[in-house]
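Now for the letters of each chain:
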Amino acid sequence: MAFQVEQLSSLTGTPWGMTFIADSTLFLTFRDGRASTLNTENNQTQTISGLPPVFANGQGGLLDVNYHPSGWLYFTYSKPVGKQAATTLARAKLEGNQLVNWQDLLVTKSTSDTARHFGSRIAFKDNYVFFSIGDRGHRPNGQDLTTHAGSIIRLTLDGQVPTDNPFVKQPNALPEIWSYGHRNPQGIIYDRQADRLWSNEHGPRGGDEINLIKKGSNYGWPVTSHGKEYWGPIAVGEAEEKDGITSPKKVYTPSIAPGSLLLYTGSALPAWKGHLFSGALKLRHLNRVAVAENGHLVDEERLLEELDERIRALVQGGDGLLYFSTDSGHIYRIQPR
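All values reported here derive from a predicted model rather than from experimental measurement. (Residues numbered from 1 in each chain as written. Predicted model: local features only at pLDDT ≥ 70, side-chain atom pairs only at ≥ 80, totals over all residues. Heavy atoms only, no water.)

## Brief notes about the environment of Ser328
So the rule is basically this: Under the DSSP-based scheme used, a helix requires at least four consecutive residues in state H or I and a strand at least two consecutive residues in state E, with every element numbered from the N terminus. Here a polar contact is taken to be a pair of N or O atoms separated by no more than 3.5 Å, where protein atoms must pair a possible hydrogen donor with a possible acceptor and residues adjacent in sequence count only if both atoms sit in side chains.
For Ser328, the position within the fold is in the loop between strand E23 (322-326) and strand E24 (330-336). Within the structure, Ser328 has its side chain in polar contact with the side chain of Glu309 (distance 2.6 Å). There is a polar contact of 3.3 Å between the side chain of Ser328 and the side chain of His330.

Here is the structure:
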């Protein structure tokens, strides 16, 4: 499909999360703990105040943001806990250029002194919020239901545990967990029309995944993996597939290092409607896959390789156009040619 890319802005820092709060107003989070808005018509920015301290170290910092129609902005961030940090879900409201009524909804049980694998992205389904957490660099966390690390969490919009979560009545399991066995999921999106929750995640060397997330399912890490050890050509885990473990819908070998996930639902770029897009950090492109009716992923295409940018965040505007950020601080828009 013929399209063109327009650079809207060049900002200082890494814009990690983006969400539209009005037709032409993007709310941006930066990994170093800052936030701003960007007017996509005149490209003017405004600094946002009212943010808490964040653990801005390594892969940690102020992470995702997602606007809910109720008026709340939901955030994930690396919250300092002593000398350690934990992936945390919070929400606040925006009044002028200030965040007010900041609420930490869940400071997860994922504290670690490492600066790796915090996740984290946010998605909404009806009156529920999902968010992802990496294994925090400790592989056994993926199979340990007594920690939130290596899981996808489901809560009500005010941070309560839904009574129909899969592990609510299971001893020695945290009730907030929806799925587990994840290494470092950095993309999550809900397909309302097909009632599907998708996530993508970083594998080890090779073996990045797109998964169809099901209630209570185990996605294998580190028992199963399609990747290799960083230190040599040795397979990670016991096998690529195993009974009782849900296999990925797509595997990327070599790794693309997915930084986000978006389901395109607009009409401005009609050939892409219903397709999944991942921002690629390592292989520096925009990755597109089509979704078949049965949920299989087909027809991969790698777009924008010529930009040579680490594509971090993706969002669809009310105008049906695609917007994305890069680790170099650029904000781009994709529109029809």
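## Points about the layout of surface pockets
Applicable threshold: Cavity: a set of points on a 1 Å grid over the protein atoms alone where a 1.4 Å probe fits but cannot get out. Pocket: an open set with protein on both sides within 12 Å along at least five of seven lines, its lining residues, like those of a cavity, having an atom within 4 Å of a point. Grid points are joined across faces, edges and corners, and a volume is the space filled by probe spheres set on the points. For this classification, the nonpolar set comprises Ala, Val, Leu, Ile, Met, Phe, Trp, Tyr, Cys and Pro, the charged set comprises Asp, Glu, Lys and Arg, and every other residue, Gly included, is treated as polar.
Volume-wise, the largest pocket comes out at about 1,100 Å³. Contributing to the lining of the largest pocket are 38 residues, with Ile189, Tyr190, Leu263, Thr265 and Gln316 lying nearest its centre. Listed by contribution, the elements that provide at least two residues to the lining of the largest pocket are strand E2 (15-22), strand E6 (62-67), strand E10 (122-125), strand E14 (185-191), strand E18 (258-263) and strand E22 (311-316). Classifying every residue of the lining of the largest pocket by side-chain character gives 21 nonpolar, 10 polar and seven charged. Considered as a void within the structure, the second largest pocket measures approximately 260 Å³ in volume. Lining the second largest pocket are 19 residues, with Gln59, His202, Tyr230, Ala257 and Leu281 sitting closest to its centre. Residue classes in the lining of the second largest pocket are distributed as five nonpolar, seven polar and seven charged.

## Remarks on the sheet that holds E22
Filter applied, for reference: Any two strands are treated as partners once DSSP identifies two or more bridges connecting them. Geometry is summarised by axes, namely lines fitted to C-alpha atoms with helices restricted to the contacting stretch, and by angles between N-to-C directions that run from 0 to 180 degrees.
With respect to topology, four strands assemble into an open sheet ordered E1-E24-E23-E22, the strand pairing being antiparallel. Of all strands in the sheet, those with a lone pairing partner are strand E1 (3-10) and E22, marking the two edges. Adjacent strand axes in the sheet meet at a mean angle of 25° when their direction is disregarded. When E1 meets E24, the two strands line up antiparallel, connected through seven bridges. Bridging from a neighbouring strand, Gln7 pairs with Tyr332 of E24.

## Some details on the pairing of E14
This is how the line gets drawn: Only protein chains enter the calculation, and the probe is 1.4 Å; a residue is then buried if its accessible area is under 20% of its type maximum, exposed if over 50%, and partly exposed in between.
Counted residue by residue, E14 has six buried out of seven residues, so it is predominantly covered. Pairing of E14 with strand E15 (residues 196-201) involves six bridges; the strand directions are antiparallel. Each bridged residue has a counterpart across the sheet, and for Pro185 the counterpart in E15 is Glu201. In textbook terms, the turn of a hairpin is the stretch between consecutive antiparallel strands, and for E14 and E15 this stretch comprises four residues, one of which, Asp195, has a positive phi near 55°.

## Remarks on the sheet that holds strand E9 (residues 98-107)
The strand order across the open sheet formed by four strands is E6-E7-E8-E9, and the pairing between neighbours is antiparallel. Unpaired on one side and paired on the other, E6 and E9 mark the two borders of the sheet. When the angles between neighbouring strand axes are averaged without regard to direction, this sheet yields 30°. In the sheet, E6 pairs with strand E7 (residues 73-81) via four bridges, with the strands oriented antiparallel. Its bridge partner lying in E7, Asn66 is registered against Tyr74.

## Some details on the packing of aromatic side chains
Condition: Only centres within 6.5 Å qualify two rings of Phe, Tyr or Trp (six-membered ring in Trp) as a pair; their planes then separate them into stacked at under 30 degrees, edge-to-face at over 60, and tilted for everything else.
Taken as a whole and assessed by the stated rule, the structure comprises 11 aromatic pairs. Ring plane angle 75° and centroid distance 5.8 Å describe the contact between Phe167 and Tyr180, whose orientation is recorded as edge-to-face. Taken together, the residues span a long stretch of sequence, with Phe167 in the loop between strand E12 (151-156) and strand E13 (177-180) and Tyr180 in strand E13 at a distance of 13 residues. Classification of Phe167 as buried rests on a relative accessible area of 6%. By the ring-pair criterion, three or more aromatic residues cluster together here, those being Phe27, Phe75, Tyr77 and Trp102.

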